[in-house]
Amino acid sequence: MKYTADKTEKYCLITVEEENINSLVAPHLKSEFVIIKNEGAKNLILNLEKVKFIDSSGLSAILTANRLWSDAGMFIVTGVENESVKKLISISRLDTVLSIIPTVSESIDYITIEDIEAKLKAESDSKE
């Protein structure tokens with residue numbers, strides 16, 4: 001599976017460099033998610049801007065990441081630009097389950113804002 005990974009202190013950005021996330025690619029993607037989570041990535045951004053097709057095993061891989069980051073941190077899907085990918089996510093009702101943000105930069109901003117808000121809340125709680 002071809003992808004790029006950009007790791008920072010606050011997040012890991014995975015950009016899938018494949019046009020298809022299918023039964024051949026999905027197991028590798030799931031494995032990468034587990035490895036990244038075990039390495040301690042606080043948040044994961046999955047960039048799908050180059051993806052043109054996702055099958056049920058691809059959806060399963062995406063849901064695996066959502067489950068891995070549900071206990072702590074955030075999982076964001078971005079770059080959902082292809083119409084067939086949008087339609088599949090909508091039909092499967094994953095748009096009600098996943099955090100889908102239009103662009104990578106907006107996703108990074110969202111994580112940054114959530115991090116700031118969490119720190120402010122913690123400071124406020126400690127003063128009470």
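Structure's up top.
Described in the following lines is the structure provided in the data block.

Brief notes about the overall build of the chain
Then step 1. Looking only at helices and strands, one finds four helices and seven strands in the chain.
Then step 2. For the chain, the sequential pattern of α-helices and β-strands runs β-β-β-α-β-β-α-β-α-β-α.
Then step 3. In summary, the chain has a C-alpha radius of gyration of 15 Å against a globular reference of 14 Å for 128 residues, a match within 12%.
Then step 4. Here the chain, with 128 residues, has 37% of them falling under the buried criterion.
Then step 5. Accessible surface, the chain as shown: approximately 7,300 Å² in total, 52% of it carbon and sulfur.

Details of the pairing of strand E6 (residues 75-78)
Then step 1. Residues Phe75 and Val77 point to one face of E6 and Ile76 and Thr78 to the other, with burial holding for every one of them.
Then step 2. Bridge count for E6 against strand E7 (residues 99-101) is three bridges, and the pairing is parallel. In the sheet register, Ile76 faces E7, and the bridge partner there is Ser99.
Then step 3. The parallel pair E6 and E7, bridged by helix H3 (residues 83-91), forms a crossover whose chirality is right-handed.

Looking at helix H2 (residues 56-68)
Then step 1. Look at H2: 18 Å from first C-alpha to last across 13 residues, which is about the 18 Å you get at 1.5 Å a residue.
Then step 2. Those residues of H2 lying buried are Ser57, Gly58, Leu59, Ala61, Ile62, Thr64, Ala65 and Asn66.
Then step 3. Against strand E3 (20-21), helix H1 (26-38), strand E4 (44-47), strand E5 (53-54), E6 and H3 lie the buried residues of H2.

Quick word on the packing of aromatic side chains
A ring pair, where both rings are aromatic, is described by two values, the distance of the centres and the angle of the planes.
Then step 1. What the rule picks out here adds up to one aromatic pair.
Then step 2. Where Phe33 meets Phe75, the ring centres are 6.4 Å apart and the plane angle is 70°; that geometry is what we call edge-to-face. Placement of the pair is Phe33 in helix H1 and Phe75 in strand E6, with a sequence separation of 42 residues. Residues Phe33 and Phe75 agree in their burial class; the two are buried.

Notes on the pairing of strand E1 (residues 3-7)
Then step 1. Where E1 lies against strand E2 (residues 12-16), five bridges are found, and the strand directions are antiparallel. Note on E2: the bridge partner recorded for Lys7 is Cys12.
Then step 2. Between E1 and E2, which pair antiparallel and follow one another directly, the connecting turn spans four residues.

Comments concerning the pattern of salt bridges
Then step 1. One pass over the structure, following the stated rule, counts eight salt bridges.
Then step 2. Where Lys50 meets Glu17, a salt bridge forms, and the shortest distance between an N and an O atom there is 2.6 Å. With Lys50 in the loop between E4 and E5 and Glu17 in the loop between E2 and E3, this residue pair connects regions lying 33 residues apart in the sequence.
Then step 3. Classification of Glu17 as partly exposed rests on a relative accessible area of 27%.
Then step 4. Residue Asp71 pairs with Lys37 through a salt bridge whose shortest N-O separation is 3.7 Å. One end of the pair, Asp71, is in the loop between H2 and E6; the other, Lys37, is in helix H1, and 34 residues separate them in sequence.

The rules behind the values
- Residues numbered from 1 in each chain as written.
- Predicted model: local features only at pLDDT ≥ 70, side-chain atom pairs only at ≥ 80, totals over all residues.
- Heavy atoms only, no water.
- Helix = DSSP H or I, 4+ residues; strand = E, 2+ residues; numbered from the N terminus.
- Rg over C-alpha atoms; globule rule 2.2 N^0.38 Å.
- Buried < 20%, exposed > 50% of the residue type's maximum accessible area, 1.4 Å probe, protein only.
- Areas by Shrake-Rupley, 256 points an atom, 1.4 Å probe, with all protein chains shown as cover.
- Pairing = 2+ DSSP bridges.
- Right-handed = clockwise from strand over helix to strand, strands pointing away.
- Expected span 1.5 Å × (residues − 1).
- Contact = heavy atoms within 4.5 Å.
- Phe/Tyr/Trp six-rings, centres within 6.5 Å; stacked < 30°, edge-to-face > 60°.
- Salt bridge = Lys/Arg side-chain N within 4 Å of Asp/Glu carboxyl O.

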